[in-house]
Amino acid sequence: MLIFGEYVRNQSLLYTIGNSEVDNLATETGQYAHLVVEENGRGHNLYKSKGEQAVGDKYQMAKFQQRDYLHITASGKAILAYLPRERVEEIIDRYGLPARTEQTITSEDHLFEELADIREQGYSQNNEEEIEGFQAIGAPIRSRDGAVLGSLSVSGPKSMFGEDSEYQKIVDLVTKAANVIEVNVNMHRRSSEIVKDET
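Residues numbered from 1 in each chain as written. Predicted model: local features only at pLDDT ≥ 70, side-chain atom pairs only at ≥ 80, totals over all residues. Heavy atoms only, no water.

Caption draft 1: The arrangement of a negative patch on the surface in detail. There is a patch of like negative charges on the surface, built from Asp93, Glu108, Asp109, Glu113, Asp117 and Glu120. The leading source of residues in the negative patch is helix α6 (residues 108-121), at five residues. In this structure, Glu113 sits in helix α6. Note on Glu113: relative accessible area 52%, which makes it exposed. (Patch = residues over 30% accessible without salt bridge, like charges linked within 9 Å, V, L, I, M, F, W, Y side chains within 5 Å. Areas by Shrake-Rupley, 256 points an atom, 1.4 Å probe, with all protein chains shown as cover. Salt bridge = Lys/Arg side-chain N within 4 Å of Asp/Glu carboxyl O. Lys, Arg positive; Asp, Glu negative; His and termini not counted. Charge placed at Lys NZ, Arg CZ, Asp CG, Glu CD. Helix = DSSP H or I, 4+ residues; strand = E, 2+ residues; numbered from the N terminus. Buried < 20%, exposed > 50% of the residue type's maximum accessible area, 1.4 Å probe, protein only.)

Caption draft 2: Structural detail: the pattern of salt bridges. Applying the stated criterion to the full structure yields seven salt bridges. Where Arg85 meets Glu89, a salt bridge forms, and the shortest distance between an N and an O atom there is 3.0 Å. Highlighted residues: Arg85 and Glu89, both in helix α5 (residues 85-95), separated by four residues, approximately one helical turn. Using a relative accessible area of 28% as the deciding quantity, one classes Glu89 as partly exposed.

Caption draft 3: Here's a closer look at the nonpolar core. Grouped together as the largest cluster of nonpolar side chains are 28 residues, with contacts concentrated most on Leu14, Leu25, Leu35, Ile137 and Leu152. At the level of secondary structure, the elements contributing two or more residues to this core comprise α2 (13-29), β1 (32-39), β2 (42-49), β5 (134-142), β6 (148-157), α7 (158-161) and α8 (164-198). When residues in this core are grouped by element, the largest group, nine residues, is from α8. Ignoring anything within four residues of it in the chain, the contact list for Ile137 reads Ala74, Tyr123, Ser124, Gln125, Leu152, Ser153, Val154, Phe161, Tyr167, Ile170, Val171 and Val174. Counting 17 residues, the second largest nonpolar core, distinct from the first, contains Ile79, Ile92, Ile105 and Ile118. (Core = buried A, V, L, I, M, F, W, Y, C linked by side-chain atoms within 4.5 Å. Contact = heavy atoms within 4.5 Å.)

Caption draft 4: Examining the environment of Lys158 more closely. Along the polypeptide, Lys158 turns up in helix α7. On the accessibility criterion, Lys158 (42% relative accessible area) is partly exposed. Sequence spacing of Lys158 and Gln135 is 23 residues, and the spatial spacing of their C-alpha atoms is 5.3 Å. Not counting the four nearest positions on each side in its chain, Lys158 is found in contact with Glu128, Gly133, Phe134 and Gln135.

Caption draft 5: Spatial organisation of α5. All of the buried residues along α5 are Val88, Ile91 and Ile92. The buried residues of α5 all sit within an arc of 100° when viewed along its axis, so they share a single face. Seen from the open side of α5, the exposed residues pointing more than 90 degrees away from its buried face are Glu86, Asp93 and Arg94. Looking at the buried residues of α5, the elements they touch are α4 (74-80) and α6. Where α5 ends, the next residue or the one after it, Gly96, has phi of about 75°, a positive value. (Arc of directions from axis to C-beta.)

Just geometry here; none of it tells us what the structure is for.
Have a look at this one:
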């Protein structure tokens, strides 16, 4: 199953184009960076990369092998923000909004308010909603027609996000990397369409 899973992952355009940007992001921030897609209403870690200052190896390995609730992670919320509202409601109906910490969003109204904020600012955050003392910043990766393909995130100890300037630096790095992946995926698809039209 592991070999089959790796084969399927390697066929993913998002993975083949995005993994180098995830590596760069992990190197620049020194923390864990993740490339995530939605699968059956849960978050699937397509690829992760570890920076030199990253913590929580055992947890991150377990996380890589399981599906996350989308509402508790920055990467998950970045995806939810760009799914149709009906799809988000279906996911909530199926899985609920279980709490992991006291900070986890468990109200549907609150979640939709935050998803609107994410669309306005262009990034998401996990403020100790998954693990106490742990934060993350995420950004969506979208197709040319606006559909969400996945998301990118960086996570680490709350102290890493520290000052406002440091927080904004991480936001800029994550949104820039997500945009690079987005552009490369969309250019690849467009070039494939051009070749197809010419044949």
